[in-house]
Amino acid sequence: MRLLIVEDEKRLARSLAQGLTAEGHAVDVVHDGVDGLHRASEGVYDLVILDIMLPGMNGYRVCAALRAAGHDVPILMLTAKDGEYDEAEGLDTGADDYLTKPFSYVVLVARVKALLRRGGQGAGASPVHVLGDLKVDTAARRVFLGAVEVPLTTKEFAVLETLVVRAGEVVSKSEILEHVWDFAYEGDPNIVEVYVSTLRRKLHAGLIRTVRGAGYRLERVEAAP
């Protein structure tokens, strides 16, 4: 899953990002409400962790703007305030859950998991993507080519998942880096090419097309008889 953390306390944001990345998620972080609204409006996140007290635009306004624009991404609100009024206001703007600082990281992870399950059910979206003979089950993290299951590493699956949810579209190398290695990755960007090459070898040579100067596009493939 891809998560967005909107939190101006940089140490807390970094700690949450590291922990949630270790849980297997791709995590992006921004530190003010305006950037948070812009990022969340892209519609590519499975959950937003949103602080209330933010510079630029507070969490209430960000949440309300997302809901007014029709975005139904699950939102977990964080705040240093503690009171029924604050919780009611957060939920009234469209937040799905509310957590008061300081909080237990274990509790936060449990809330995140619950919201991700609820969000998937509420959206009615199928976790199974089928493109020709390629079938990718993002919930079970299983990949099939025809009737044959193809084992992938965690990173290989994450790269494929990034492409399959936007099948037919061009996805840039930088977008794949952000989705799979997160916003803070400072290594060699050519690592994307390495994983794409591996996926082509494991699945189908024509599965991922290189669009020169733009990125990669996942295309329909047919398994050999």
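The name an unreviewed UniProt entry assigns to the chain is Two-component system response regulator, from the organism Streptomyces zinciresistens K42.

Draft legend 1. Local environment of the overall build of the chain. In terms of regular secondary structure, the chain is built from eight helices and 12 strands. Counting every position in the chain, which comprises 225 residues, the buried fraction comes to 44%. Of the roughly 11400 Å² of accessible surface on the chain, 51% is carried by carbon and sulfur atoms.

Draft legend 2. Structural view of the sheet that holds strand 10 (residues 170-171). One open sheet holds the three strands; their spatial order is 10-12-11, and the pairing between them is antiparallel. Because the sheet does not close on itself, it has two edges, and the strands there are strand 10 and strand 11 (208-211). In terms of strand pairing, strand 11 meets strand 12 (residues 215-218) through four bridges, oriented antiparallel. When the bridges of strand 12 are listed, V211 appears paired with G215. In this fold helix 6 (residues 154-164) packs onto strand 10, strand 11 and strand 12, with an angle of close to 75 degrees to the strand it touches most, strand 12. Against the sheet, helix 8 (residues 191-202) contacts strand 11 and strand 12, and its axis sits at roughly 145 degrees relative to strand 11.

Draft legend 3. Just the nonpolar core, in detail. Membership of the largest hydrophobic core comes to 25 residues, with the highest contact counts inside it found for L134, L160, L163, I176, L203, I208 and L218. Those elements that provide at least two residues to this core are strand 7 (134-137), strand 8 (142-145), helix 6, helix 7 (173-181), helix 8 and strand 12. A total of six residues in this core trace back to one element, the largest contributor, which is helix 6. Grouped together as the second largest cluster of nonpolar side chains are 20 residues, A40, L54, M57 and V73 included.

Draft legend 4. Representation of the UniProt feature "modified residue: 4-aspartylphosphate" (unreviewed entry) in the chain in the model. Mapped onto the present numbering, the UniProt feature "modified residue: 4-aspartylphosphate" (unreviewed entry) falls at D51. For D51, a relative accessible area of 2% gives the class buried. If we skip the residues at most four places from it in the chain, D51 touches V6, E7, D8, G59, L78, T79 and K101.

Draft legend 5. Local environment of the pairing of strand 2 (residues 26-30). Counting buried positions along strand 2 yields five of five residues, so the element is predominantly enclosed. Residues A26, D28 and V30 line one face of strand 2 and the alternating positions V27 and V29 line the opposite face, and both faces are buried. When strand 1 (residues 2-6) meets strand 2, the two strands line up parallel, connected through five bridges. Opposite L4, over in strand 2, you have D28 as the bridge partner. Since strand 1 and strand 2 lie parallel, the crossover through helix 1 (residues 10-22) that links them has a hand, and here it is right-handed.

Draft legend 6. How the structure looks around the pattern of salt bridges. Considering all chains together, one arrives at 14 salt bridges under this definition. For the salt bridge of K101 with D51, the shortest nitrogen-to-oxygen distance reads 3.3 Å. Taken together, the residues span a long stretch of sequence, with K101 in the loop between strand 5 (97-100) and helix 5 (105-123) and D51 in strand 3 (residues 47-51) at a distance of 50 residues. Assigned by exposure class, K101 and D51 land together as buried. A salt bridge links R217 to E219; the nearest nitrogen and oxygen atoms lie 2.8 Å apart. Classification of R217 as partly exposed rests on a relative accessible area of 25%. Taken together, the shared-partner salt bridges in this structure form one network comprising E7, E9, D51 and K101.

Definitions and cut-offs
Residues numbered from 1 in each chain as written. Predicted model: local features only at pLDDT ≥ 70, side-chain atom pairs only at ≥ 80, totals over all residues. Heavy atoms only, no water. Helix = DSSP H or I, 4+ residues; strand = E, 2+ residues; numbered from the N terminus. Buried < 20%, exposed > 50% of the residue type's maximum accessible area, 1.4 Å probe, protein only. Areas by Shrake-Rupley, 256 points an atom, 1.4 Å probe, with all protein chains shown as cover. Pairing = 2+ DSSP bridges. Contact = heavy atoms within 4.5 Å. Axes fitted to C-alpha atoms, helices over the stretch in contact; angles between N-to-C directions. Core = buried A, V, L, I, M, F, W, Y, C linked by side-chain atoms within 4.5 Å. UniProt positions renumbered as here; feature names shortened; annotations may be inferred. Right-handed = clockwise from strand over helix to strand, strands pointing away. Salt bridge = Lys/Arg side-chain N within 4 Å of Asp/Glu carboxyl O.

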